[in-house]
Amino acid sequence: MTGLVADDPGQPTSEPSVTGSVARCSSAQWTQRYTHAVMDTFGPPQRVLVRGDGVWVWDADGRRYLDLLGGIAVNVLGHAHPTLTAAVSAQLGTLGHVSNFFASPTQIALAERLLDLAGAPPGSRVFFTNSGTEAIEAAVKLTRRHSDGARPRLLALEGAFHGRTMGALALTAKAAYREPFEPLGSPVEWLPFGDRDALCAAFAHDGDQVAALVAEPVQGEAGVRPLPSGWLAEARRLTTAHGALLVLDEVQSGMGRTGTWFAHQQTELGGGIVPDVVTVAKGLGGGFPVGALIAYGPRTAGLLGRGQHGTTFGGNPVAAAAGLAVTGVIERDGLLAHVTALGQTWRTALRDLAHPLVREVRGLGLLIGVELVAPVAAAVTARALEAGIIVNAATPTTLRLAPPYILTSADAEIFTQFLGDLPTDPEDLR
């Protein structure tokens, strides 16, 4: 693999300074400053990035990388998209923030847009947040109001990741994330991922005590695992029969990532079921922090009353303008069809490699998991970065691809070729 790491010497090694606090530094210098200034919750940065254009980013040393992670499924329009940039700049230059004592046209328009894209029935409502974990927090509070203390059971799936704030963390399956902060409040029962028998059994005994079932249609952090066909339909049937809420976490899989606006709209996943709550974020703002909770129908939408939840920045005019620009470009440029078609051909090409290192290729649209035969995903990710490609080791054995929707087949082929050139023996990667 040659030519993937390209120098860009004509570019600055940092963003232009306005206050004098940002200097021209190398990646090594920036990393050293990082370790002294930024809390060590993520470990040392793999690179210090200073510029992006489309599906490419550059680091402080001028090296170029193909971004196949998209800020973890966030940068759906790539970097520095002119429509998104213009919309955010224009709104910031007009009205930047008003607090939740007031409304703005962009906030109202984006709420209406989300309800339309979600196919939500009359009486549905939106609550805006700044992130996915905040949207889940709102869902947890809404669930509490629904049960009113009379329904103590909360169901989630093994492998789930719903965020790291306290309520969202309670629903997150990975013990390493939860245990340092326990007790977390609401006890959660974990169901085996995609197991319909276990799902039915959970409701067969004290099903009327279930407040809510929370699930990701496609688990991202667990290695890009779509729920099996029919599972969501069965979940909808059972929650309806027992008066429980069905809460779908579409923070990673929503906003067109799978080729439909929401993953549960995929025929092979949900077949058009109507949930009670959907949470979104990541791709909604295309890089600008914005999230939302969509409550379906007047009963669910009315569970959180005046003063029972709030946020200072949620739904601010600039974030809403970003969301409107993102959804507008996806629709205008036919990106849902592109995501579907490219995702199918790319997954087929990756499977057709028949590389001995690859056990399985799965996913929907442009959310793809490449399962390896050994726990060498971190080593492959590091090798890819050296080759000028950004991917992610979602699990020790899984590579995650979540690139911008503007990715071309030629761009995708760069990674396909890289994967095909990897050693066939996992020991050669350790």
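These lines cover the structure that appears in this document, whether it is placed above or below. (Residues numbered from 1 in each chain as written. Predicted model: local features only at pLDDT ≥ 70, side-chain atom pairs only at ≥ 80, totals over all residues. Heavy atoms only, no water.)

**Description of the packing of aromatic side chains**
- According to the stated counting rule, one finds 2 aromatic pairs in the structure shown.
- Here phenylalanine 415 and phenylalanine 418 contribute two aromatic rings whose centre-to-centre distance is 6.0 Å and whose plane-to-plane angle is 35°, an arrangement assigned as tilted. On the criterion of helical spacing, the pair formed by phenylalanine 415 and phenylalanine 418 is a turn pair, its members being 3 residues apart in helix H14 (residues 409–420).
- A relative accessible area of 0% means that phenylalanine 415 is categorised as buried.
- Each residue in the set Trp346, Phe415 and Phe418 is aromatic and connected to the rest through ring pairs, giving one cluster.
- One Lys or Arg, arginine 64, reaches over the ring of tryptophan 56 and ends 3.8 Å from the middle of that ring.
- Taking NZ or CZ as reference, arginine 225 lies 4.2 Å from the ring centre of phenylalanine 193, over its face. (Phe/Tyr/Trp six-rings, centres within 6.5 Å; stacked < 30°, edge-to-face > 60°. Helix = DSSP H or I, 4+ residues; strand = E, 2+ residues; numbered from the N terminus. Buried < 20%, exposed > 50% of the residue type's maximum accessible area, 1.4 Å probe, protein only. Lys NZ or Arg CZ within 6 Å of the ring centre and 35° of its normal.)

**Thoughts on the layout of surface pockets**
- Each pocket or cavity is described by its volume, and for the second largest pocket that value is around 880 Å³.
- Together, 32 residues line the second largest pocket, and Gln107, Val126, Phe127, Phe128 and His309 are the ones closest to its centre.
- In terms of residue count, the dominant contributor to the lining of the second largest pocket is strand S4 (residues 125–129) (4 residues).
- Residues belonging to the lining of the second largest pocket are distributed by class as follows: 14 nonpolar, 16 polar and 2 charged. (1 Å grid on protein atoms, 1.4 Å probe; cavity = no way out; pocket = protein on both sides within 12 Å on 5 of 7 lines; lining within 4 Å. Points joined across faces, edges and corners; volume = space filled by probe spheres on them. Nonpolar A, V, L, I, M, F, W, Y, C, P; charged D, E, K, R; others polar.)

**Overview of the pairing of strand S3 (residues 64–67)**
- In terms of strand pairing, strand S2 (residues 56–59) meets S3 through 3 bridges, oriented antiparallel. Each residue of the ladder has a partner; that of tryptophan 56, found in S3, is leucine 66.
- Counted between consecutive antiparallel strands, the loop separating S2 from S3 contains 4 residues, among which glycine 62 sits at a positive phi close to 85°.
- Strand direction decides the pairing type here: S3 and strand S15 (residues 389–390), joined by 2 bridges, are parallel. The residue bridging leucine 66 from the neighbouring strand is isoleucine 389, located in S15. (Pairing = 2+ DSSP bridges.)

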